[in-house]
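Residue-level structural notes
Residues per chain are reported as follows:
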Amino acid sequence: MHGLVLKTVVVEDSPYIEVEKNGTMSGLFGDVLTELSKIANFTLNTVKFMKEYGRWDEENKIWTGAVGEIAAGRADISISEFSLTNNRLDIIDYIIPIIVSPMHLYIKDPLLYDTKWTGYFKVFDLKVWIFIIVIISIAPSLVTILKMVDNPERGTHRIVSMILENYLEFWGIFCQQGLAGNICWTIRKYKNCVVLITTTSNQLA
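Residues numbered from 1 in each chain as written. Predicted model: local features only at pLDDT ≥ 70, side-chain atom pairs only at ≥ 80, totals over all residues. Heavy atoms only, no water.

In its Subcellular location (unreviewed entry) section, UniProt records this for the protein chain: "Cell membrane". (UniProt positions renumbered as here; feature names shortened; annotations may be inferred.)

**Observations regarding the layout of surface pockets**
Roughly 980 Å³ of internal volume is contained in the largest pocket. Lining the largest pocket are 28 residues, with Ser80, Glu81, Phe82, Ser83 and Tyr94 positioned closest to its centre. Taken together, the elements giving at least two residues each to the lining of the largest pocket come down to helix H1 (27-40) and strand S7 (77-79). Ranked by residue count, the leading element in the lining of the largest pocket is S7, at three residues. Counted by class, the lining of the largest pocket contains 20 nonpolar, four polar and four charged residues. (1 Å grid on protein atoms, 1.4 Å probe; cavity = no way out; pocket = protein on both sides within 12 Å on 5 of 7 lines; lining within 4 Å. Points joined across faces, edges and corners; volume = space filled by probe spheres on them. Helix = DSSP H or I, 4+ residues; strand = E, 2+ residues; numbered from the N terminus. Nonpolar A, V, L, I, M, F, W, Y, C, P; charged D, E, K, R; others polar.)

**Considerations on the nonpolar core**
If you look at the biggest cluster of nonpolar residues, it comprises nine residues: Leu6, Val10, Ile17, Met25, Phe29, Leu33, Phe42, Leu44 and Ile79. For this core, the secondary-structure elements that each account for two or more residues are strand S1 (4-11), H1 and strand S4 (42-50). Those residues within four positions of methionine 25 in sequence are excluded, and the remaining contacts are Thr8, Ile17, Glu18, Val19, Gly30, Asp31, Thr34, Leu44, Thr46 and Ile79. By size, the runner-up hydrophobic cluster in this structure holds five residues, among which are Val9, Met50, Ala66 and Ala75. (Core = buried A, V, L, I, M, F, W, Y, C linked by side-chain atoms within 4.5 Å. Buried < 20%, exposed > 50% of the residue type's maximum accessible area, 1.4 Å probe, protein only. Contact = heavy atoms within 4.5 Å.)

Written out as structure tokens, the structure reads:
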């Protein structure tokens, strides 16, 4: 390279290169480049130390860090370990990799006792839960009254069993179970209204 002097940018805190006060480079990258400079007849002149490798700043439309120094023409080469990205390939050239290091992403395995069961109740706020409990508590009794009004021959001796039956049916509705086909039109109409009111209140919440 006929004694060419290359303006060099070094990324600080890199574990692979150190620059002494007299400009001598050490570390893995320093030793490799020192030998290359002797063989290819060029000199490295460290002109700047950067704290970051460099990324594209979308707001200011410029490259930052060591890559930005090369893109702006203030440096010819940057010494550090750089990740190979498509955006950087449009601005800089990479040499043959000296080290290929795999990168892994580790995620903590959640433990069973870390599960917060109260999270299931955060689907709705307190007012909606109170409304749902009130509907489930009152609606079966009202449906029982409607049944007795619609068919007085049922008698009052079956009130308890009818209320329990309606409670089970309402729980089936809130648990997204299908309604039985032999339920009378009045009961279906009343229950559908209750479900519609509850669904509307949930959406508004």
